[in-house]
Amino acid sequence: MLDSNKDSLKLEAMKRIVAMIARGKNTSDLFPAVVKNVACKNIEVKKLVYVYLVRYAEEQQDLALLSISTFQRGLKDPNQLIRASALRVLSSIRVPIIVPIMMLAIKEAASDMSPYVRKTAAHAIPKLYSLDSDQKDQLIEVIEKLLSDKTTLVAGSVVMAFEEVCPERIDLIHKNYRKLCNLLIDVEEWGQVVIINMLTRYARTQFLNPNQNESLLEENPEKAFYGSDDDEAGKEDKAEASNLVKRKPYVMDPDHRLLLRNTKPLLQSRNAAVVMAVAQLYFHLAPKAEVGVIAKALVRLLRSHSEVQYVVLQNVATMSIKRRGMFEPYLKSFYIRSTDPTQIKILKLEVLTNLANETNISIILREFQVSTELIDKTGYFCYMYAWV
């Protein structure tokens, strides 16, 4: 069928082959017969041929190289899907000899009218960088150009390329920071995760800690108390306290506030990874009075699959060490169930231990006593009980 002169037979053959790939079957033996049809004039056949080539180009590099000129022509095709597929195939051929061709293709694709092709160019950047790291300077130029792109389709992909190729070049983010914050809500979910993680890292290095003055105020009384025996030390403490009072109150940078405001709605996302990324951002960057909003979102995730529960509980256990009050209203959400896997039970115990204080200690100890039969086999219960 692939050798037929009829496009309908070729199309049917490619549909069957792609279906076999989708079912996990090995169709690499058909590569020579498929690659001949890359020059087919029928758009539907050509699309499926490129889908096949993207899957097997890395395994059949020698045969793929024989059709390199056809892929280059595909980069000029009027159809945006063909242009993007041709670039995907080129970036999948892991042969150093075609690095200059790949670089030229990526540069041209970065200026393409179609945002889908520009997105594909962003995906190709890390592939070329892993093949030849000497191209870093040229790739950074392309990344800088794509970072200025105003479409949501490109944003997540180019930030991923930025994180893999040049995460230290934080200066590239400065002029695009507000645009990324404003686009964030409309970017696809996995792009949101990448962008939020990058912006968290960016904001922690570029903005003041909103809780810094609060920590200083908390430390000052202790210093004054312990220095009260010594007159000179007492004078120094009084001077330090007066300077702290005179210090201007913290005023949040408008760009810092923009990031918090634009990420908050994503706590309602259906994607657990997005919610976790926003929770991490708020934990590190939000004022103490506002960080509590993430607790409800994280507790909601505890109704998900056990794998998601495990990751969420690990993060809650860490957060509850520093900010216990945030999770106290949701104490019952961390009670152990008989159906919980052992690792989930252990993490819930750890969270309950972190949340223990004078007002809720009797409730927590009662929960420990009820849970003894459920968790005694782990050998963890006695340790936690003794710790509390």
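Since the structure is predicted, the reported quantities are computational estimates derived from the model, not experimental observations. (Residues numbered from 1 in each chain as written. Predicted model: local features only at pLDDT ≥ 70, side-chain atom pairs only at ≥ 80, totals over all residues. Heavy atoms only, no water.)

What's the story with the layout of surface pockets in this structure? I'm lost.
In this approach, a probe sized like a water molecule rolls over the atoms, and the result shows the empty space that is left. In this model, the second largest pocket occupies a volume close to 220 Å³. In this structure, the second largest pocket is lined by Val299, Leu302, Arg303, Gln309, Lys332, Ser333, Tyr335, Arg337, Thr339, Asp340 and Lys348. Here the lining of the second largest pocket is built from residues that sort into 3 nonpolar, 3 polar and 5 charged. (1 Å grid on protein atoms, 1.4 Å probe; cavity = no way out; pocket = protein on both sides within 12 Å on 5 of 7 lines; lining within 4 Å. Points joined across faces, edges and corners; volume = space filled by probe spheres on them. Nonpolar A, V, L, I, M, F, W, Y, C, P; charged D, E, K, R; others polar.)

Explain the packing of aromatic side chains to me, please; I cannot follow it from the model alone.
The geometry of two aromatic rings is summed up by the distance between their centres and the angle between their planes. Applying the stated criterion to the full structure yields 5 aromatic pairs. With a centroid separation of 6.0 Å and 40° between ring planes, the pair formed by Phe31 and Tyr52 is classed as tilted. With Phe31 in helix α2 (residues 31-35) and Tyr52 in helix α3 (residues 43-56), this pair connects stretches of sequence that are 21 residues apart. On the basis of relative accessible area, Phe31 is assigned to the buried category, the value being 0%. Look at Tyr177 and Tyr202: their rings are 5.2 Å apart centre to centre, the planes differ by 25°, and that puts the pair in the stacked class. With Tyr177 in helix α12 (residues 177-183) and Tyr202 in helix α13 (residues 189-206), this residue pair connects regions lying 25 residues apart in the sequence. One aromatic cluster is present, built from ring pairs that chain together Tyr177, Tyr202 and Phe207. (Phe/Tyr/Trp six-rings, centres within 6.5 Å; stacked < 30°, edge-to-face > 60°. Helix = DSSP H or I, 4+ residues; strand = E, 2+ residues; numbered from the N terminus. Buried < 20%, exposed > 50% of the residue type's maximum accessible area, 1.4 Å probe, protein only.)

Can you help me understand the side chain of Asn354 in this one?
Take Asn354: it is sitting in helix α20 (residues 342-355). Looking at Asn354, its side chain comes within polar contact range of the side chain of Ser320, at 3.1 Å. Sequence-distant contacts of Asn354, that is, excluding residues within four places in its chain, are made with Ala317, Ser320, Ile321 and Arg324. (Polar contact = N/O pair within 3.5 Å; in protein donor to acceptor, adjacent residues only side chain to side chain. Contact = heavy atoms within 4.5 Å.)

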